[in-house]
Amino acid sequence: MAVPYDAIRRAAYEPADDGGDRTAGFHTLEFPERITEHVVDLCNLTRQGRIRVLLPPTRRLDALLQALDVRLAVLPRPVASEAGPRTWLYCPVDTAGEPLPVPVLLRLLDYWIEELRPEDEHRDAVERVCDALREQSPVWRREDVPLLRCGVGDGGTAQPSGLQYLLATQHFARRIQELPPYDSGEHVLRFRSVARRSRQQGAELMSQPLPHDDASGRRWWFSVCATVTLHTVPFHPRPRVHVHFGVRRWATRTDAKTGSLRLGYRRGSAVYLRPLEAWLPGVPPGDRYSVAYVVGNGDGHAWRGGDPAKLMRRLAMRARTFPEPAQLLGDPERWFDGERGVDAFVVHSTHMGEHGVGAGFMSHERSRLVAWAEQAFGPELVRAADLTRSRLPAGKPLNARRNGSPERTAATKAALGSARRASLAKLYAEWSGTTEFTARLLWRTEKTRDAAVAALTAALGLDGDGGAGEVSVRDHDRSGRGHPVVLRWPTDELMVTLRCLRLDNGLADGLGVPPRPARGRADRAVRAVRERRADMGEFLAEDGADTAVPSVALVEIAGRSAYGELNDPKFALRLGAAGSGVLTQFVVSPATAQSSEAQSSKTLPSAAESAWLDALRQLGATVVPRTDVPAGLPEDTQYLAVWTATKARGSTAYSAKGKFPIAVLVRPWADGPDAVLGWDPGAVTERGAWTAYPRFLGRLPVLAAVSDRDLADVRDPDEPWFDWSRSRDDQRARMEEFLQRVLHSDHVRGRPTVLLVDAQNIRSLWTWVQDGQVRRDLIRTGQAPAFPLYPWLRLVRVRTADQRETPQWWGLPRREGVVHGLPSNLWVGGEGAGRVFYSTAPKASTASGSAVEAHKLNRRRIRKGDHAGEWTIDVDRPAWNPGLVEIAVLGCHPGDGDDPHAVAMAVHQLRQAPDYRDVLGRPLPLHLARKAQEYILPMRNARDEDAPGGEPPDEEIPGPPQD
């Protein structure tokens, strides 16, 4: 019997009534702005005709100062420019000793300036800048800064300053660091601070490396990380402090062939560096980690430009050993012993292979770590109130997936197969006038072919093998372009046909783009993509693919690492198929020596079934959740999701360059192609129109207009200067125009509609949904002032655990002595004037073995099973925690019967799509809009699935935001 949890607790804290006015004293120093113009000119000496530097590149200098002087907080230039005077350095007055001596700072600035242009021919220009630096020495001044007190916007939301996001988090992180060490019983953790990277949110602490010896006697290393961040909640007048605990694993296993750590495909590997001796006169020994990256450099490796490693190496000089990239990657454990003047730890990432330590902490152990850190927050901060279970009776949609006993699970699977067949029958009856569904399997290996055929029968609940047992091996081997092996399954709803074609002419091989010479590489990649795209189109055309009738294909390819730089054919194949009216999903070949991402024989069947299910959803054969809300929302409500996709390689989730808005309309009460629609802005003579979701996906490569260079993913050093601020303003104007057209379209205007947006995805372009801008029950989509919501519209913003914007959490059991668990439901707390709710999901099916009582830092007794009563430790087991999803009902019509609680419950139920095994990380409409990215640009390092919605892995070190 499951333990009931009536409440959940969050690792979130807010100012106490008597602690919100707390101020802290700092020594402050302004950046020497008089040299700004000189530094910019120096950087541009060799950049004629290329992108010009507009501001001094201070990221490396900022990181170096924090690494060498643990007392310093450095305000990055973009934040400082918004905070009035360009105050740069902050040193708490309550720390030992005087702040960094000005003569030492000036010498560090000399090093920085010299590294900007180290060439001999620019020595005179460098000396002129250094001379200008000394014309007026900077001076330390005293300043008192309020840590928690902040203004409140027109919407009732707290508005901390950029300075508070830096200083408040570092203040409380330092308080955690000053606590007595955390003693787990097996390990005593001593935390050190980590230098804040450019534009990084919050403060970070990290423990010393901890060893773990596995059953084979191999030693692995990991550290415990704590992150303190500052956030706001819509319509809530106080800011929030979140504390987040995770595991960072260290890479120590070198590749037997290369004798070096395996670096990821086109990745930099993060390295944590800590000087063990005082490198600066008058400054205490460094006790803080800085982060640098090792990247590929021709046939070798080098420290990435813009990181502090090069300046640290110069400071070390001959008196101290400093790790060269080749030494570090060849013998990483050598730098763990603290005998070389600097510690250096290389972060393990999943692309490096398996690790003997599992990622993350489970809920019970995490709650103990948070309770320890909480001692540092009083009296200024108090824990945010616990959330209670929703009072609404139905936490699931009417057609929710029903699992449990083997019989019930089998019945559910059969019902889903029947529902998918019925959905396909309606789709094809409208598209082709028949009830025949034709799919294609483009295979390379026998194992994948057989697994894919079996997976299709499971996904659609088909009987038999479709005649596969009567097909000889020779017939399969001779199948190919224009000569398929055809399998058929007649059902009551429709005829299912699978055309099996063996891939020929190297269609799924690498694109064959040689990396050398570098000149002309972009053009070679563009030609290769174009040729493979055309070849894929011809291959499918010869098999009768018809753009008038959408269909799907499952394509077998090797893992990404088997192809190498610029040679992954996936996106070229997807575009070529889309041009023929065929939507694609991919499955990776069984294990090969060339591919670390290859499927094992055990995972291949489930991977193939997941790929088929994704393909069917792209066709529109999606079982839409039928929300079960008795009152507070019209019965015929539809859900409109708006997502901003990326269509240029230079763009990120934080910048405006190359953004393409996507709108998906989900109508639970509709059938057939009208149940899921996409907005085609190019239809009806560029006025836009709604079209069936699969047709919309097929149109995206044309609508998004990805350039050849974006396809090639090659940066051109001679690219003309790009005006980021102007582009951002243009993109914001386009987004608002897009919203107006969609909201006034014939399928939306006048019909009960909930507009769903993702906070982290859209707020940089639609600024109205930012915490500091939004006001209840109003909307703004252009230059005009905000106005009341249309009578038929509701506005809901979803925020996930990405960037740690929602806190870690755990369930509070009713009974004493029961571990803190992970209950799923909708949770309320009266926050944000009753407009903010929280959604949790059960553990993913792939994480069913992650026990909530699992511990990595000390042993525990096993409670159940054959080994009950025995001691165990869970260092090797990965922990998986569902992320906390914030649902903010920004706008509705309470005076006309709308209940924000009911709206939030409907959004919570939309995460529970019946034909997905696990609860989605986002509501289904947003999930489908996000998946459209696959037809615009191949995104590296992005999760292929939004389900399930867990927290991001702790060991992955993201690059700094760009906006």
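This one's a predicted model, so the numbers in the text were calculated from it and none came from an experiment. (Residues numbered from 1 in each chain as written. Predicted model: local features only at pLDDT ≥ 70, side-chain atom pairs only at ≥ 80, totals over all residues. Heavy atoms only, no water.)

Draft legend 1. Geometry of the packing of helix α10 (residues 406–431) against helix α11 (residues 446–460). Two elements in contact, α10 and α11, have axes separated by 6 Å at closest approach and are oriented at 90°. One finds that α10 runs roughly perpendicular with respect to α11. Here K413, G417, R420, R421 and L424 of α10 lie close against α11, whose contacting residues are A458, A459 and L460. (Axes fitted to C-alpha atoms, helices over the stretch in contact; angles between N-to-C directions. Helix = DSSP H or I, 4+ residues; strand = E, 2+ residues; numbered from the N terminus. Parallel < 35°, antiparallel > 145°, perpendicular 65-115°, else oblique. Contact = heavy atoms within 4.5 Å.)

Draft legend 2. Quick look at the pairing of strand β16 (residues 269–275). Counting buried residues along β16, 7 of its 7 residues qualify, which places the element largely inside the surrounding structure. Side-chain alternation along β16 places S269, V271, L273 and P275 on one buried face and A270, Y272 and R274 on a second face that is also buried. Bridging between β16 and strand β17 (residues 288–297) involves 5 bridges; their strand directions are antiparallel. Looking at the pairing, A270 lines up with Y293 of β17. Direction of pairing for β16 relative to strand β19 (residues 342–346): antiparallel, over a ladder of 5 bridges. From the neighbouring strand, P275 faces β19, where its bridge partner is V342. (Buried < 20%, exposed > 50% of the residue type's maximum accessible area, 1.4 Å probe, protein only. Pairing = 2+ DSSP bridges.)

Draft legend 3. A look at empty space enclosed by the protein. In the structure shown here, the tally under the stated rule is 7 cavities of 30 Å³ or more. Counted as a void, the second largest cavity has a volume near 80 Å³. M362, A851, A854, D874 and R877 are the residues nearest the centre of the second largest cavity, which is lined by 15 residues in total. Its residues assigned to classes, the lining of the second largest cavity comprises 6 nonpolar, 4 polar and 5 charged. (1 Å grid on protein atoms, 1.4 Å probe; cavity = no way out; pocket = protein on both sides within 12 Å on 5 of 7 lines; lining within 4 Å. Points joined across faces, edges and corners; volume = space filled by probe spheres on them. Nonpolar A, V, L, I, M, F, W, Y, C, P; charged D, E, K, R; others polar.)

Draft legend 4. Quick peek at the pattern of salt bridges. In total, this model carries 52 salt bridges according to the counting rule given. For D6, the salt bridge identified is with R814, shortest N-O distance 2.7 Å. In this pair, D6 sits in strand β1 (residues 5–10) while R814 sits in the loop between β35 (809–813) and β36 (825–828), placing the two residues 808 residues apart along the sequence. In this structure, R502 and D477 form a salt bridge, with 3.1 Å as the shortest nitrogen-oxygen distance. Linking R502 in strand β24 (residues 495–502) with D477 in helix α12 (residues 473–478), this pair joins segments that are 25 residues apart in sequence. The exposure class of D477 is partly exposed, given its relative accessible area of 38%. Beyond isolated ion pairs, a larger network of salt bridges with shared partners links R763, D771, R797, R799, E805 and E886. (Salt bridge = Lys/Arg side-chain N within 4 Å of Asp/Glu carboxyl O.)

Draft legend 5. Expanded view of the packing of α10 against helix α15 (residues 604–619). Where α10 contacts α15, the axes come no closer than 11 Å and their chain directions differ by 40°. The angle between the axes of α10 and α15 places the two elements in the oblique class. Handedness of the α10/α15 crossing: left-handed. Between α10 and α15, the contacting residues are K413, R420, L424, L427, Y428 and W431 on the first element and E609, L613, L616 and L619 on the second. Here the contact of α10 with α15 is built from residues that sort into 7 nonpolar, no polar and 3 charged. (Left-handed = near helix turned anticlockwise from the far one by under 90°.)

Draft legend 6. Local environment of the environment of D802. Along the chain, D802 falls in the loop between β34 (793–799) and β35. Look past the residues within four positions of D802 in its chain and what remains in contact with it is Q760 and R922.

Draft legend 7. Quick peek at the sheet that holds β24. On the basis of which strands lie adjacent, the open sheet formed by 5 strands has the order β23-β24-β22-β25-β26 and mixed pairing. Looking at which strands have only one partner, the edges of the open sheet turn out to be β23 (485–490) and β26 (582–588). Strand-to-strand twist in this sheet, taken as the mean axis angle between neighbours without regard to direction, amounts to 20°. One ladder, built from 7 bridges, connects strand β25 (residues 551–557) with β26; its direction is parallel.

Draft legend 8. Broad picture of the sheet that holds strand β3 (residues 23–30). Taken in spatial order, the 4 strands make up an open sheet running β4-β5-β3-β6, and their pairing is antiparallel. The open sheet has two free edges, formed respectively by β4 (73–74) and β6 (141–146), since each of these has just one partner strand. Of the strand pairs in this sheet, β4 and strand β5 (residues 87–92) are connected by 2 bridges, and their pairing is antiparallel. Residue pairing in the sheet places V74 in a bridge with L89 of β5. Lying on the sheet, helix α2 (residues 59–68) is in contact with β4 and β5; it crosses β5 at an angle near 10°.

Draft legend 9. Spatial organisation of the pairing of β17. With 7 of 10 residues buried, β17 lies mostly within the body of the structure. In this structure, strand β11 (residues 191–194) lies alongside β17, joined through 2 bridges in parallel fashion. Counterpart to S193 in the pairing with β17 is R288. One ladder, built from 4 bridges, connects β17 with strand β18 (residues 300–303); its direction is antiparallel. By the bridge assignment for β18, V294 is matched with W303.

Draft legend 10. Molecular detail of helix α5 (residues 123–133). Those residues of α5 not exposed but buried are A125, V126, V129, C130, A132 and L133. Take α5 and look down its axis: the buried residues cluster within an arc of 160°, on one side only. Those residues of α5 that are exposed and aimed more than 90 degrees away from the buried face are D124, R128 and D131. Residues of α5 that are buried make contact with α1 (36–43) and α4 (102–116). (Arc of directions from axis to C-beta.)

Draft legend 11. Examining unusual backbone geometry more closely. Looking along the chain, the bond that leaves G378 and enters P379 is cis, with omega of 0°. Mapped onto the secondary structure, P379 falls in the loop between α9 (363–374) and β20 (381–383). The phi torsion at D777 lies on the positive side, around 65°, for a residue other than glycine. By the element assignment, D777 lies in the loop between α20 (759–762) and β32 (778–779).

Draft legend 12. Spotlight on the packing of aromatic side chains. Summed over the entire model, instances satisfying the criterion amount to 19 aromatic pairs. An angle of 85° between the planes, with centres 5.9 Å apart, marks the rings of F26 and Y90 as edge-to-face. Note that F26 is positioned in strand β3 and Y90 in strand β5, a separation of 64 residues in sequence. Assessed through its relative accessible area of 4%, F26 is described here as buried. Judged by relative accessible area, which is 3%, Y90 ranks as buried. (Phe/Tyr/Trp six-rings, centres within 6.5 Å; stacked < 30°, edge-to-face > 60°.)

Draft legend 13. View of the confidence of the model for the protein. Here the protein averages 85 in pLDDT, and 88% of its residues register 70 or above. Contacts of residues 713–724 to residues separated by more than four positions or lying in other chains number 24 contacts, the stretch itself having pLDDT below 50. (pLDDT = per-residue confidence, 0-100.)

Draft legend 14. Molecular detail of a negative patch on the surface. Together, D124, E127, D131 and E135 make up a region of like negative charge exposed at the surface. Following the sequence through the fold, E127 ends up in helix α5. In this structure E127 comes out as partly exposed when scored by relative accessible area, which is 42%. (Patch = residues over 30% accessible without salt bridge, like charges linked within 9 Å, V, L, I, M, F, W, Y side chains within 5 Å. Areas by Shrake-Rupley, 256 points an atom, 1.4 Å probe, with all protein chains shown as cover. Lys, Arg positive; Asp, Glu negative; His and termini not counted. Charge placed at Lys NZ, Arg CZ, Asp CG, Glu CD.)

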